[in-house]
Amino acid sequence: MKVKLIGILTLVLAFFTINLFAEVKTKFYGYQWLRYTDIVLGADKQSDSGISIPRTYLRWKMEDKDAGWVGEITLDIASEKGGQIVDAKTSTITSTSVKGKVDFAIWPKYAYVDFKAIPILKDIDMKLRVGQQKNYFGTVELWEYPLIEKTITDLRKVIASADLGIALLGDLPEGYGQYELAMHNGSGYKNLDSNVEKQYTGSLMLLPISGLMLRGSYMINNQSAHGTDSKIKRASDFVAQYTINFLPVPMQILGEYVVVENPLNAGVGKSGVSVGYMLFGSIDLIDWMQFAFRFDNWNADTSKANDETNLYIAGVNLKINEKNLLQLNYQLEQPQFGGYPATSHINTLMAQLKWSW
C-alpha cells in the first residue's frame, strides 16, 4: 500500500514539475462592431435610429503544446439600448434591491480549456472541452455573420450561442466530418444555472464530397428547477450547405430547418411546437465585394393560424483591408399573412464596420 502511495505521489509531483517549467504561449486579439441602425415601421413610422457598438470582443488564447492543452478567454462588451438585464439583488453598493436594464454590460462569452492529450481520446482524434463555450447546434456556432442578423436558432431563442459546461469534440476519419457531444447549463452564457438535469446536445457534421456539408443536431433541455419530465424542451435541426466556384466566382448556398417542442409554451389552443427554416446564399463577385441574401420563415406555434413571420435580408460586404470589413444590410420582417397593422412591418437599415486586431 505504501509503495502504491509513493508511486502516485511521484506521478503527481512529476506532472506539476513538467507543467511548472512548460512554455505557455499567450496571444491577445479581438474585434469590434461599429454600427448605424435605422428602423422604420410600416406606414413610414420612424422607430429607433442611432449609432452603437453592439459587440466588442477582447480575447486571450493560451497554449501549451507540450502539456497538450489550449485555453481561451473572451470578454463580450455588449451594448444594447436599455436591453442588458442586470439583477443586482445582492449588491452592497445600495441598500435597496436593484433589478433593471443597462446599455452596456460585460460578459465572459468564452472561458474554456481544451485537453488534447488525454489517453484513449487522443487516439480517436477527440478532445475534452471544459468551461464556457459555444453551443454545438445547427448553424448557431458556425455563423460568421456574412449578414449582420443572428442565425435563426439564435434569433428565435431556440438555443443560446454559448453556455457553461463540458463537451467531447471529435473528428471523423479521413476528414469526412466531425461531431460534438455536450452537457451545458442550458440557461445561456448571461445566466447562472437554473435546471437540475441540464441541457444535452449532440451534433454530427458530414463532409461527403468537396464543397458539401451536411449537419444534424439534437438538443434536450429540462428547464424545470426540479427536473419535471413534462417541461422538457426538445429541438432538432438539419443543415445543408454547398460551396462552389462558378465561372470562377465563389458561391455558397445554405438551408436550415429547425423544429422546437417546448411544453412551457403549450396550453389551450397552443401546441408549444415551433417550426422554422432559413435559406441563405452568397456570391463573391470580386475579391473585395460579396453579396449575400437570406430568407427566414418562423412559425411560432403550429396550432395557431396565420401567425408565421417572414424575414428578408439583403446585404453587401466590402473588404477594405485584411482587418476592416464594411457591411451594408437591409432587412424586412413582416407577417406572412394579411390582417395585421402596417406598423407590424419592420424595415431595418444597417451599416456596420467590423474591425479587428
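None of the values given here were measured: they were computed from a predicted structure.

In terms of helices and strands, the chain carries two helices and 16 strands. Looking at the chain as a whole, 38% of its 357 residues are labelled buried. Here the contacts in the chain between residues at least 6 apart in sequence split such that 53% fall between residues at least 24 apart. Accessible area for the chain stands at about 20,200 Å²; split by element, carbon and sulfur atoms hold 63% of it.

To continue, consider the pattern of salt bridges. Under the criterion given, the structure shown has eight salt bridges. D114 is the salt-bridge partner of R129, the closest N and O atoms lying 2.6 Å from each other. Placement of R129 in strand β5 (residues 126–134) and of D114 in strand β4 (residues 98–115) is noted, with a sequence separation of 15 residues between them. R129 sits in the buried class, given a relative accessible area of 10%. When its relative accessible area of 4% is taken as the criterion, D114 is described as buried.

In this section: the packing of aromatic side chains. Per the counting criterion, the structure on display carries eight aromatic pairs. An angle of 40° between the planes, with centres 5.1 Å apart, marks the rings of F28 and W60 as tilted. Highlighted residues: F28 in strand β1 (residues 25–41) and W60 in strand β2 (residues 45–64), separated in sequence by 32 residues. Here the aromatic rings of W33 and Y145 are separated by 5.0 Å at their centres, their planes lie at 70°, and the arrangement is edge-to-face. Of this pair, W33 sits in strand β1 while Y145 sits in the loop between β5 and α2 (152–155); the two residues are 112 residues apart in sequence, bridging distant segments of the chain. The pair formed by W33 and Y145 is uniform in burial state, with each residue classed as buried. Three or more aromatic residues link up through ring pairs in this structure, and these residues are Y31, W33, Y57 and Y145.

Here strand β8 (residues 199–206) shows one buried face, formed by Q199, T201, S203 and M205, and one open face, formed by Y200, G202, L204 and L206. Looking at chain direction, strand β7 (residues 177–184) and β8 are connected through eight bridges and run antiparallel. Directly across from A182, in β8, lies its bridge partner T201. As consecutive antiparallel partners, β8 and strand β9 (residues 212–222) are separated by five residues, and within that stretch G211 has a phi angle of approximately 90°, a positive value.

In this section: the environment of P263. Here P263 lies in the loop between β11 (249–261) and β12 (273–286). Linking P263 and I232, residues 31 residues apart in sequence, is a C-alpha distance of 6.7 Å.

Another aspect to go through is the confidence of the model for the chain. Mean pLDDT for the chain: 87, with 85% of residues reaching 70 or above. Counting contacts from residues 1–5, a segment whose pLDDT is below 50, to residues more than four positions away or on other chains yields zero contacts. Note on residues 7–18: pLDDT is under 50 here. Beyond four places in sequence and across chains, it has zero contacts.

Let's shift gears to the environment of W60. By relative accessible area, which is 29% here, W60 ends up partly exposed. Measuring from C-alpha to C-alpha, the distance between W60 and A111 comes to 9.4 Å, with 51 residues separating the pair along the chain. Those residues within four positions of W60 in sequence are excluded, and the remaining contacts are K27, F28, G71, E72, I73 and L75.

What follows is about the pairing of β9. Here eight bridges tie β8 to β9, and the two strands are oriented antiparallel to one another. Bridge pairing links T201 to M219 in β9. Note: β9 against strand β10 (residues 232–246), 11 bridges, orientation antiparallel. Residue pairing in the sheet places L214 in a bridge with A240 of β10.

Parameters at a glance
Residues numbered from 1 in each chain as written. Predicted model: local features only at pLDDT ≥ 70, side-chain atom pairs only at ≥ 80, totals over all residues. Heavy atoms only, no water. Helix = DSSP H or I, 4+ residues; strand = E, 2+ residues; numbered from the N terminus. Buried < 20%, exposed > 50% of the residue type's maximum accessible area, 1.4 Å probe, protein only. Contact = heavy atoms within 4.5 Å. Areas by Shrake-Rupley, 256 points an atom, 1.4 Å probe, with all protein chains shown as cover. Salt bridge = Lys/Arg side-chain N within 4 Å of Asp/Glu carboxyl O. Phe/Tyr/Trp six-rings, centres within 6.5 Å; stacked < 30°, edge-to-face > 60°. Pairing = 2+ DSSP bridges. pLDDT = per-residue confidence, 0-100.

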